[in-house]
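The chain contents come next:
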Amino acid sequence: MQPVDPGMTAKTLIIGYGSPIRGDDAIGPLAAEALMAAPLPREVSVIARHILTAELAAEIATAERVIFLDASVTGEPGEVRVQTLAPDASALSSMAHFLSPRELLAWCQALYGHQPAAWLVTATGQSFTYAHCRLSPLATAAMEVMLAEVQALIGRPAAGISSPASSRNGGW
Amino acid sequence: MSRTITIEPVTRIEGHARITLQLGAEGELQDALFHLTQFRGFEKFCEGRPYREMPALTARTCGICPVSHILAANKACDHLLSVTIPPTAEKLRRIINLAQLTQSHALSFFHLSSPDLLLGWDADPATRNIFGVMRQYPELARDGIRLRQIGQTIIETLGGKKIHPTWVVPGGVSEALTQEKRTAMLKLLPEGLEIARRTYDFFKTLVPKFKDEASHFGTQDTLFLSLVTPEGNLEHYDGFLRLKDARGRIVEDRVPTWEYQRLVGEAVEDFSYMKFPYYKPMGYPKGVYRVGPLARLNNANACGTPYADVALAEFHMLQESGPIASSFHYHYARLVEIIYALEMMDRLLKDPDIMDQRVRARARSNRDEGIGVAEAPRGTLMHHYKIDDDGLITWVNLIIATGHNNLAMNAAIKQVAAAYVDANHLQEGMLNRVEAVIRCFDPCLSCASHAFGQMPMVIELQDAAGRVVDSLCRH
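A few points on the structure. (Residues numbered from 1 in each chain as written. Chains lettered and ligands numbered in written order. Predicted model: local features only at pLDDT ≥ 70, side-chain atom pairs only at ≥ 80, totals over all residues. Heavy atoms only, no water.)

### Some points on helix 3 (residues 66–81) of chain B
All names here are of chain B.
Right, on to step 1. Taking 1.5 Å of rise per residue, the 16 residues of helix 3 would be expected to cover 22 Å, and the 22 Å separating its terminal C-alpha atoms lies within 8% of that figure.
Right, on to step 2. The buried count for helix 3 comes to 16 of 16 residues, which makes it a mostly enclosed element.
Right, on to step 3. Phi turns positive one or two residues past the end of helix 3, at Ser82, with a value near 60°. (Helix = DSSP H or I, 4+ residues; strand = E, 2+ residues; numbered from the N terminus. Expected span 1.5 Å × (residues − 1). Buried < 20%, exposed > 50% of the residue type's maximum accessible area, 1.4 Å probe, protein only.)

This is how it looks when you write it as structure tokens:
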């Protein structure tokens, strides 16, 4: 993993989330932990979580951009996607303690009047078996790609963050 | 011609449930049932595992209150070790428990119940949600977020940045407190207390508006079960079991937690996967009792912290005399407990012994049966294990806080349905009240598979021949 050039980075929050005991679902938090161990600009903070909870809205409100890291069940196993995210207040979660990234962005917008640039970086998992605490080989390989994508996003100059149209695979 | 109304899923609660209202020929309510519709079987699949795994295993029971399971499980393990944990370890465990209570109660009040309380039971369901609250009461919604953040930050500071922290261990905790962590936590508490008091003062002004709901929302004669301190005060971590009746008479007191089976029997019904615990001496189903914030405040002589004691006195003024009967006042009790939790965490963190480095007693198993009881946000949580000579689990019994309230919840929906549901013309607000009484209890049903919010819901009124005579649909 190549360290990004410090000094030009917008205040960035990276949130990796997923269950650590559901096989490849752990790729989000594991990628976050890998980033924590890597040299990062001081403007970048990283959180690893099991699930997305409401209080994260307050943390997102302090960031200029936020990058969510998650596993996906759609696509080919090992496939990495980068999508832009927009707040969605209609995406009311069906889980009392588990919000979707777009819902969380909507909470942030509604409560703090702040809408950071946001991306979702996903890797399609191969196995989500219960009580499985290892990534599949495909997910392990995909994690490296995820990390490179995150580094590329972090490396974007602060001035460019308001128009993330160049993200691959479209947006929500 | 009998008819049945089904509310499924029940929304803005933790877990999957269904309510059915059974109506007679004249449209009168004959019965109301609350169904837990998922089977999980935690007790069975823990068998054969080493007892030291139980805190980690049972924490997975719940994504909402894993700390409660971790504490009850470790207390059961302490019992198996036959150790008294170091006093500082006990204080540290108390702090993480109170932090958990703060964030859990904040979720219940600010995010699950506030849409009903602030926007109205009959408001358009499309806007009667957390975003509706954010639009009309943004400061209150931000306060809810901040309180959760404070609770969660304290949990993470002590337990590590994990949903299921492993810092609490059999015999105590794995790591003593550092000055840096102590300072960081202490810094958060004044703001938390200010928010809690502001919210409490605001809610007090709302309570008179809900006189009707307070009269019909599970206003019933039941017993109340909770832990209390040896002096009979509010307790969330240890102490003795106390049971009070609806008149305020203490029925059982100073009962050691390992004698819980003398008080609590467990029945099953074919319409739900949730157990029906009952007070054994009164038998089933007469031995109805409630647990949780309402029961804890009803049972406590005092809270033992300044602001919470004032709030407790005001809580008792909600009714002329006796324990507060209405389940609607669970909301009030939750706010009192948040105040208490923040005050008590401050006190514990300022305790001169809190920095003591001796925080763990080490031993091997010294008995073959262990019982751990603590107060989870939703009520008394009981873990009971038996192990063999190799320390492997041979039998587990878990009585989850929500389970204790099962009989009371069933009685409560019956009361609300009788008061508000006009079977000849269903209106969403009527059924929302039936759901709302369940939200008063803040049930955490499956302790992991959690559903709430704008889930599709179809409510049908059918005649005996199965013909749909009325329906409501929520998309």
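### Details of the environment of Asn410 of chain B
All names here are of chain B.
Right, on to step 1. Relative to the elements of secondary structure, Asn410 occurs in helix 14 (residues 406–420).
Right, on to step 2. Placed 375 residues apart in sequence, Asn410 and His35 show a C-alpha to C-alpha distance of 9.0 Å.
Right, on to step 3. Setting aside chain neighbours within four positions, we find Asn410 in contact with Ala32, Leu33, Phe34, Phe271 and Phe276. (Contact = heavy atoms within 4.5 Å.)

### Comments concerning the packing of helix 14 of chain B against helix 15 (residues 428–441) of chain B
Residues and elements named next belong to chain B.
Right, on to step 1. For the pair helix 14 and helix 15, interaxial distance at closest approach is 9 Å and the crossing angle is 155°. The orientation of helix 14 relative to helix 15 falls into the category roughly antiparallel. Seen from above, helix 14 lies across helix 15 with right-handed handedness. Residues Ala408, Met409, Ala412, Ile413, Val416, Ala417 and Tyr420 of helix 14 form the contact with helix 15, whose own contacting residues are Met430, Arg433, Val434, Val437, Ile438 and Phe441.
Right, on to step 2. Partitioning the contact of helix 14 with helix 15 into residue classes produces 12 nonpolar, no polar and one charged. (Axes fitted to C-alpha atoms, helices over the stretch in contact; angles between N-to-C directions. Parallel < 35°, antiparallel > 145°, perpendicular 65-115°, else oblique. Left-handed = near helix turned anticlockwise from the far one by under 90°. Nonpolar A, V, L, I, M, F, W, Y, C, P; charged D, E, K, R; others polar.)

### Some details on the sheet that holds strand 2 (residues 44–49) of chain A
Residue and element names in this part refer to chain A.
Right, on to step 1. Taking strand neighbours across the sheet as the criterion, the five strands line up as 2-1-3-5-4 in an open arrangement whose pairing is mixed. Every interior strand has two partners, whereas the edge strands, strand 2 and strand 4 (80–84), have only one. Going from strand to strand, the sheet's axes swing by 20° on average, the running direction of each strand aside. (Pairing = 2+ DSSP bridges.)

### Observations concerning the nonpolar core
Right, on to step 1. In terms of nonpolar packing, the biggest core is built from 136 residues, with Phe68 and Trp107 of chain A together with Ile154 of chain B touching the most fellow members.
Right, on to step 2. Top element by residues in this core is helix 12 (residues 330–349) of chain B. It accounts for 14 residues.
Right, on to step 3. Each of domain 1 (3–38 + 409–474) and domain 2 (85–164 + 177–217 + 327–353) of chain B accounts for three or more of the residues forming this core.
Right, on to step 4. For Phe68 of chain A, the residues in contact, after removing those within four places along its chain, are Ile15, Tyr17, Leu52, Ile60, Leu85, Pro101, Leu104, Leu105, Trp119, Leu120 and Val121 of chain A.
Right, on to step 5. Residues Leu35, Ala48, Val82 and Met146 of chain A belong to the second largest nonpolar core, which totals 27 residues. (Core = buried A, V, L, I, M, F, W, Y, C linked by side-chain atoms within 4.5 Å. Domains from an automatic or database assignment.)

### Focus: the pattern of salt bridges
Opposite charge on two side chains permits them to pair, given that their charged atoms come into close proximity.
All names here are of chain B.
Right, on to step 1. Under the defined criterion, the tally for this structure stands at 37 salt bridges over all chains.
Right, on to step 2. The salt bridge involving Lys204 is made with Glu314; its shortest N-O contact spans 3.2 Å. Here Lys204 is found in helix 7 (residues 179–206), whereas its partner Glu314 is found in helix 11 (residues 306–316), with 110 residues between them in sequence.
Right, on to step 3. With a relative accessible area of 25%, Glu314 lands in the partly exposed category.
Right, on to step 4. Residue Arg249 is joined to Asp245 by a salt bridge in which the shortest nitrogen-to-oxygen separation is 2.8 Å. (Salt bridge = Lys/Arg side-chain N within 4 Å of Asp/Glu carboxyl O.)

### Here we look at the packing of aromatic side chains
Residue and element names in this part refer to chain B.
Right, on to step 1. Overall, the coordinates contain 16 aromatic pairs over all chains when judged by the stated rule.
Right, on to step 2. Plain terms: the ring middles of Phe109 and Phe203 are 5.3 Å apart, the flat faces sit at 90° to each other, and that makes the pair edge-to-face. With Phe109 in helix 4 (residues 87–119) and Phe203 in helix 7, this residue pair connects regions lying 94 residues apart in the sequence.
Right, on to step 3. Of the aromatic side chains, those joined through ring pairs into one cluster are Phe109, Phe110, Tyr200, Phe203, Phe315 and Tyr332.
Right, on to step 4. Here the guanidinium or amino end of Arg197 rests over the ring plane of Tyr307, the centre of that ring lying 3.4 Å away. (Phe/Tyr/Trp six-rings, centres within 6.5 Å; stacked < 30°, edge-to-face > 60°. Lys NZ or Arg CZ within 6 Å of the ring centre and 35° of its normal.)

### A short note on the packing of helix 7 of chain B against helix 11 of chain B
Residue and element names in this part refer to chain B.
Right, on to step 1. Where helix 7 meets helix 11, the closest approach of the two axes is 12 Å, and the angle between their N-to-C directions is 15°. For the element pair helix 7 / helix 11, the angle class is roughly parallel. Helix-helix and strand crossings are classified by hand; for helix 7 and helix 11 the assignment is left-handed. Of the residues in helix 11, those touching helix 7 at Leu193, Arg197, Tyr200 and Lys204 are Tyr307, Ala311 and Glu314.

### Let's talk about the sheet that holds strand 13 (residues 379–387) of chain B
Hydrogen bonds along the backbone pair up the strands of a sheet, which may run parallel or antiparallel.
All names here are of chain B.
Right, on to step 1. The strand order 12-13-14 describes an open sheet built from three strands, whose pairing is antiparallel. If you trace the sheet from one side to the other, it starts and ends with strand 12 (369–376) and strand 14 (393–399), each paired once. Neighbour to neighbour, the strand axes of the sheet diverge by 10° on average, direction disregarded.
Right, on to step 2. The sheet contact formed by strand 13 and strand 14 spans six bridges and is antiparallel.

### Let's talk about the layout of surface pockets
All names here are of chain B.
Right, on to step 1. Here the second largest pocket is characterised by a volume of approximately 770 Å³.
Right, on to step 2. Lining of the second largest pocket is provided by 36 residues; of these, Lys75, Glu90, Tyr237, Asp238 and Gly239 occupy positions nearest its centre.
Right, on to step 3. Elements supplying a minimum of two residues to the lining of the second largest pocket: helix 3, helix 4, helix 12 and strand 12.
Right, on to step 4. Here the lining of the second largest pocket takes five residues from helix 4, the largest share from any one element.
Right, on to step 5. For the lining of the second largest pocket, the residue count by class is 15 nonpolar, 11 polar and 10 charged. (1 Å grid on protein atoms, 1.4 Å probe; cavity = no way out; pocket = protein on both sides within 12 Å on 5 of 7 lines; lining within 4 Å. Points joined across faces, edges and corners; volume = space filled by probe spheres on them.)

### Concerning a negative patch on the surface
Residue and element names in this part refer to chain B.
Right, on to step 1. Together, Asp368, Glu369, Asp389 and Asp390 give the surface a local cluster of negative charge.
Right, on to step 2. The topology assignment puts Asp389 in the loop between strand 13 and strand 14.
Right, on to step 3. By relative accessible area, which is 80% here, Asp389 ends up exposed. (Patch = residues over 30% accessible without salt bridge, like charges linked within 9 Å, V, L, I, M, F, W, Y side chains within 5 Å. Areas by Shrake-Rupley, 256 points an atom, 1.4 Å probe, with all protein chains shown as cover. Lys, Arg positive; Asp, Glu negative; His and termini not counted. Charge placed at Lys NZ, Arg CZ, Asp CG, Glu CD.)

### Focus: the pairing of strand 8 (residues 250–255) of chain B
Residues and elements named next belong to chain B.
Right, on to step 1. As defined by bridge partners, strand 7 (residues 240–244) adjoins strand 8 across three bridges and the pair is classed as antiparallel. By the bridge assignment, Leu241 is partnered in strand 8 with Val255.
Right, on to step 2. Connecting the antiparallel pair strand 7 and strand 8 is a turn made up of five residues, with Gly248 showing a positive phi of about 95°.

### A few points about the side chain of Gln220 of chain B
All names here are of chain B.
Right, on to step 1. Looking at the secondary structure, you find Gln220 in the loop between helix 8 (211–216) and strand 6 (223–228).
Right, on to step 2. The exposure class assigned to Gln220 is buried, which follows from its relative accessible area of 13%.
Right, on to step 3. Here the side chain of Gln220 touches Ala408 through a polar contact of 3.3 Å, landing on its backbone oxygen.
Right, on to step 4. Here Gln220 is in contact with Arg290, Ala325, Ser327, Ala408, Ala411, Ala412 and Phe441, once residues within four sequence places are set aside. (Polar contact = N/O pair within 3.5 Å; in protein donor to acceptor, adjacent residues only side chain to side chain.)

### Overview of unusual backbone geometry
Residue and element names in this part refer to chain B.
Right, on to step 1. Residue Tyr284 is joined to Pro285 through a cis peptide bond whose omega torsion reads 5°.
Right, on to step 2. In this structure, Pro285 sits in the loop between strand 10 (276–279) and strand 11 (289–290).
Right, on to step 3. A positive phi angle, near 60°, is found at Ser82, a position not held by glycine.
Right, on to step 4. Here Ser82 lies in the loop between helix 3 and helix 4.
Right, on to step 5. Given a relative accessible area of 39%, Ser82 falls into the partly exposed group.
Right, on to step 6. Its identity is not glycine, yet Asp442 carries a phi of approximately 50°, on the positive side.
Right, on to step 7. Its location among the elements puts Asp442 in the loop between helix 15 and strand 15 (457–462).

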